[in-house]
Every structure is written in C-alpha cells, then in structure tokens.
Amino acid sequence: MTKHIYLVHGYQSSPHANWFDWLKTQLKFKNQQQLNVLHLPTPNHPNPGAWDHACHTTITANGDLILIGHSLGCMQILRFLQQHPDLKQVNVILVGGFSEHLTTLPELDAFTNYQLNFQQLKQQISHLTVFAAKNDAIVNFEYTAKLAHNLNGSFVLLPTGHHFMGSEGYVKLPVVYNELLKIL
C-alpha cells in the first residue's frame, strides 16, 4: 500500500528549514519513500484559515497516511485531523508541539484557541510519538508532555535539543527518522 508522508512546518519556518531536507533525503535514498513538506503561507504571520486551506488542498490520503509536525505544525496537524473525522489509522510524529496558549508566543493564540476534541483525535490516530527536549526555551517540554498525554501517545523527552531548529544546529534529526522507520 502506498505511504503518504507529509511534514508540516511551524511558525517562522519553511519547507527547507531545520532538519526537513535531511529527512526528505534520507527517505528518498534509503527507503524509496517521498516526503512531502508543506509550504504554508505567511509563516511569519500565520493565519489558521490559510493554513487549513493549504493542508486541505495538499494532503491526500488514499492509502497509509503519516503526518510529521514541528512546533506550530503539530497543532496544525491536529486541526487538520479534527476537520477530517473520516481519516482513520493515521500515524503521527510530533516534535516540540503544543496545543495550548504559550506565554512566550501569544501571537499564536489564533491556533491554540481552537478547541481540540482529544477523544475524536485518539480514534483517528493509530500511532503517535511526541518528542521534546528538556532545554527547549521556546516551547516548555511540559506543554509537549501534556499534549502527548491528552492523545495517549508515546512521549520521548530528550536531555538536549532545544527546539530542534537549524539555527540551533539541528539540520539532522535521527530520532524522527528512526521513529518513522518503525511505521513504514
């Protein structure tokens, strides 16, 4: 069965930022799998409606669906799934995610004010692993742990990693690749 793998970037990011190109290359050359990294409009001033539209028009699921999110992209994945209750057995990997108001980033409240139905989402997600770093100064790991708990997902707390951004030296993220191998 065809695997449909999508990565949803976060706030102030792009399809070629951080570790995304590395992961895309790993999948293409080692596993003959295509990673589609979404290009979300105006990432420096994200609009939930515009991001919803980009996901609705880009993500297709006529086979196995794997969604990978980074930072605000995690919340966007959950919004997308909730808006498509027909999607079932979705595999999800979240990195540095959150689903509630961040005092450090109040400009993202338009996303976090969206009421998630965790019961519905748990029915849609078949495999969920959530990664965070103990030293993340952008999204406190406790927010990420709470998100994993609310979705009954596996939570992996790394001792270091910050917010897993290229500007912090994270242009590769083997833990995500290794987790992806488990569900391919």
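For the structure given in this document, a descriptive report is provided here. (Residues numbered from 1 in each chain as written. Predicted model: local features only at pLDDT ≥ 70, side-chain atom pairs only at ≥ 80, totals over all residues. Heavy atoms only, no water.)

**Observations regarding the overall build of the chain**
Okay, step 1: Counting its secondary structure elements, the chain contains seven helices and six strands.
Okay, step 2: The order of helices and strands in the chain, counted from the N terminus, is β-α-β-α-β-α-β-α-α-β-α-β-α.
Okay, step 3: Relative to the 2.2 N^0.38 estimate, which gives 16 Å for 184 residues, the radius of gyration of the chain is 15 Å and therefore close to what a compact globule would have.
Okay, step 4: Seen through its C-alpha atoms, the chain measures out along the principal axes to roughly 40 × 35 × 30 Å.
Okay, step 5: Across the 184 residues in the chain, those meeting the buried criterion constitute 50%.
Okay, step 6: Across the chain, contacts joining residues at least 24 apart in sequence account for 76% of those joining residues at least 6 apart.
Okay, step 7: Accessible area of the chain: about 8300 Å², with a carbon and sulfur share of 51%. (Helix = DSSP H or I, 4+ residues; strand = E, 2+ residues; numbered from the N terminus. Rg over C-alpha atoms; globule rule 2.2 N^0.38 Å. Buried < 20%, exposed > 50% of the residue type's maximum accessible area, 1.4 Å probe, protein only. Contact = heavy atoms within 4.5 Å. Areas by Shrake-Rupley, 256 points an atom, 1.4 Å probe, with all protein chains shown as cover.)

**Overview of the packing of helix α1 (residues 20–31) against helix α7 (residues 174–183)**
Two quantities define a packed helix pair, namely the angle between the axes and the distance from one axis to the other.
Okay, step 1: Contact geometry for α1 and α7: axes closest at 10 Å, N-to-C directions at 40°. Relative to α7, α1 is oriented oblique. Handedness of the crossing formed by α1 with α7: right-handed. Contacts from Trp22, Leu23, Gln26, Leu27, Lys30 and Asn31 of α1 reach α7 at Pro174, Val176, Tyr177, Leu180 and Leu181.
Okay, step 2: In terms of residue class, the contact of α1 with α7 is built from eight nonpolar, two polar and one charged. (Axes fitted to C-alpha atoms, helices over the stretch in contact; angles between N-to-C directions. Parallel < 35°, antiparallel > 145°, perpendicular 65-115°, else oblique. Left-handed = near helix turned anticlockwise from the far one by under 90°. Nonpolar A, V, L, I, M, F, W, Y, C, P; charged D, E, K, R; others polar.)

**As for the pattern of salt bridges**
Okay, step 1: Within the structure shown, the criterion is met by four salt bridges.
Okay, step 2: The shortest N-O distance in the salt bridge between Glu100 and Lys146 comes to 3.7 Å. Highlighted residues: Glu100 in the loop between β4 (90–95) and α4 (109–112) and Lys146 in helix α6 (residues 141–150), separated in sequence by 46 residues.
Okay, step 3: Assessed through its relative accessible area of 24%, Glu100 is described here as partly exposed. (Salt bridge = Lys/Arg side-chain N within 4 Å of Asp/Glu carboxyl O.)

**Thoughts on the environment of Leu38**
Okay, step 1: Here Leu38 shows up in the loop between β2 (35–37) and α2 (48–58).
Okay, step 2: Relative accessible area serves as the criterion here: at 2%, Leu38 is assigned to the buried category.
Okay, step 3: The spatial distance from the C-alpha of Leu38 to the C-alpha of Ala50 is 12 Å, given a sequence separation of twelve residues.
Okay, step 4: Setting aside residues no more than four positions away along its own chain, Leu38 makes contact with Tyr6, Leu7, Val8, His9, Pro15, Ala54, Cys55, Thr58 and Ile59.

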